[in-house]
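Coordinate analysis (summary)
Take a look at the letters that make up each chain.
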Amino acid sequence: MAGKVFFSVTMSLDGFMAPEAVPAEDAFSPEKQDDPGVRRWTSKWSELQAWLFPQRWFRENLKLGEGGEEGVDNDIARATYERTGASVMGKRMFDLGEQAWPAEAPFHTPVFVVTHTERDPWERPGGTTFHFVNDGIESALDQAREAAGDRDVRIAGGGETIQEYLDTGLIDEFSVTLAPVLFGTGIRLFDRVDPDRLALNQVRSAASTRVTHLTYTVGKR
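Each chain carries its own residue numbering, running from 1 in the written order of its sequence. Only residues with pLDDT of 70 or above have their local features reported here, since the model is predicted, and side-chain atom pairs are shown and tallied only from 80 upward, although totals for entire chains, interfaces and linings are computed over all residues. Side-chain measures here rest on the full set of heavy atoms in the structure, leaving out hydrogens and waters.

As recorded in an unreviewed UniProt entry, the protein chain goes by Dihydrofolate reductase and comes from Pseudonocardia hierapolitana.

This is the structure in structure tokens:
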């Protein structure tokens, strides 16, 4: 039986899932770290993800050392990783990650990158191989489903890729982690989604002292 197609993101209280964009080549360039735009992007992104950094699972997955927090946040982060048999992402997320991820990229599964760039598969230590798909989001999803087997496919991001899958009706379920951060500007999760086409049903909620986790199934109106 094929698994679900889902996404899981952290979102600010005012609805933004990422700060305003900076060029991928600037975000992690040592020469650009004093640029005010890059500094603000880095600061806001760190605030948004602050709930995740102390978790035991996160530290284990990135080999940051022993220890870390346990509890609902750690359980949800670990469960999201364990259910994922393959991931799909857009080119911009890949470009940022290629600079930021360690040599042993944190996915440990096949990852299918939706792009117009032709490139041979890129195999990394630890079980992650990036495959570059040039014929659209449905092809990328079909390949990810086959690779995932009976596990789930995660649409990893970024925002435009998630919106495209959601608006096309290809998402079964998604989780939003609400963080107590206000961006004021940036990339909104649902900006390009037609609200008349989708029906949401909340199926789970959980909260820690840092964030609130909400899970919805997605249907058609």
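With that settled, the discussion passes to the overall build of the protein chain. Secondary structure elements follow DSSP: runs of H or I no shorter than four residues count as helices, runs of E no shorter than two count as strands, and numbering proceeds from the N terminus. Assigned secondary structure in the protein chain consists of seven helices and eleven strands. In this treatment the radius of gyration is a C-alpha quantity, and the globule benchmark scales as 2.2 Å times the residue count to the 0.38 power. Its C-alpha atoms give the protein chain a radius of gyration of 17 Å, near enough to 17 Å, the size a compact globule of 221 residues would have. If you line up the protein chain on its principal axes, its C-alpha atoms span 45 × 40 × 35 Å. Taken across its 221 residues, the protein chain has 43% of its residues classed as buried. Contacts between residues were defined by any pair of non-hydrogen atoms, one from each residue, lying within 4.5 Å. Considering only contacts in the protein chain between residues 6 or more positions apart, those separated by 24 or more positions represent 64%. Total accessible area on the protein chain stands at roughly 11,300 Å², and carbon and sulfur atoms take up 49% of it. Placing the 24 positive and 35 negative side-chain charges of the protein chain at their respective mean positions leaves the two points 4 Å apart. Relative accessible area decides the class of each residue, using a 1.4 Å probe on protein chains only: under 20% of the type maximum gives buried, over 50% gives exposed, and in between gives partly exposed. For accessible areas, the Shrake-Rupley method is used with a probe of radius 1.4 Å. Any residue's cover is judged against the shown protein chains and nothing else. Under the convention used here, Asp and Glu are negative, Lys and Arg are positive, and both His and the chain ends fall outside the count. By convention, the charge on Lys lies at NZ, on Arg at CZ, on Asp at CG and on Glu at CD.

One broad trend across soluble globular proteins is that nonpolar side chains are buried collectively. Membership of the largest hydrophobic core comes to 29 residues, with the highest contact counts inside it found for F7, V88, I155, Y165, I171 and L189. For this core, the elements supplying multiple residues, two or more each, are β1 (5-12), β3 (84-90), β4 (110-114), α6 (137-148), β7 (152-157), α7 (159-167), β8 (173-179) and β11 (212-220). Per-element tally for this core: the top contributor is α6, with five residues. If sequence neighbours within four positions are ignored, I155 has contacts with V5, F6, F7, V88, T161, I162, Y165 and I171. We define a nonpolar core as any set of buried Ala, Val, Leu, Ile, Met, Phe, Trp, Tyr and Cys residues linked to one another through side-chain atoms lying within 4.5 Å. Of all hydrophobic cores here, the second largest spans eleven residues; its members include F16, W51, L52 and W57.

All right, on to unusual backbone geometry then. Omega for the bond connecting G157 with G158 falls within 30 degrees of zero, at -5°, which places this linkage in the cis form. Position of G158 among the secondary structure elements: in the loop between β7 and α7. Notably, K63 is not glycine yet its phi reads approximately 55°, a positive angle. Note that K63 resides in the loop between α3 (56-61) and α4 (72-83). A relative accessible area of 60% places K63 in the exposed class. Residues other than glycine seldom take positive phi values, yet H108 does so here, at roughly 60°. Position of H108 relative to the elements: it lies in the loop between α5 (91-100) and β4. H108 sits in the buried class, given a relative accessible area of 18%.

Once that is clear, we can look at the pairing of strand β6 (residues 129-133). Across the five residues of β6, four count as buried, placing the element largely inside the fold. Two elements, β4 and β6, share five bridges in a ladder whose sense is parallel. Across the sheet, residue V113 finds its bridge partner in β6, namely F132. Taken together, the two bridges between strand β5 (residues 122-123) and β6 define a ladder with antiparallel strand orientation. Looking at β6, one finds that E123 is bridged to T129. Each pair of strands is called paired provided DSSP finds at least two bridges between the two strands. Between β5 and β6, which pair antiparallel in sequence order, lie five residues; one of them, G126, sits at a positive phi of approximately 90°.

Here we take up α5. Along α5, the residues classified as buried are F94, L96 and G97. Down the axis of α5, the smallest arc covering the buried residues is 165°, so these residues share one side. Note that the arc is computed from the directions linking the helix axis to the C-beta atoms.

What follows is about α4. Expected span of a helix: the number of residues minus one, times 1.5 Å. Compared with an ideal rise of 1.5 Å per residue, which puts twelve residues at 16 Å, α4 spans 16 Å between its outermost C-alpha atoms and is within 8% of the ideal. Here α4 has its buried residues at D73, N74, A77 and T80. In an axial view of α4, the angular spread of the buried residues amounts to 130°, which keeps them on one side of the axis. The elements touched by buried residues of α4 are β1, α3, β3, β7 and β11.

On to the pattern of salt bridges. Salt bridge criterion: a side-chain nitrogen from Lys or Arg within 4 Å of a carboxyl oxygen from Asp or Glu. Counted by the stated rule, this structure contains 13 salt bridges. The salt bridge involving R56 is made with E70; its shortest N-O contact spans 2.6 Å. With R56 in helix α3 and E70 in the loop between α3 and α4, this residue pair connects regions lying 14 residues apart in the sequence. The exposure class assigned to R56 is partly exposed, which follows from its relative accessible area of 26%. With a closest N to O distance of 3.0 Å, R78 and E60 form a salt bridge.

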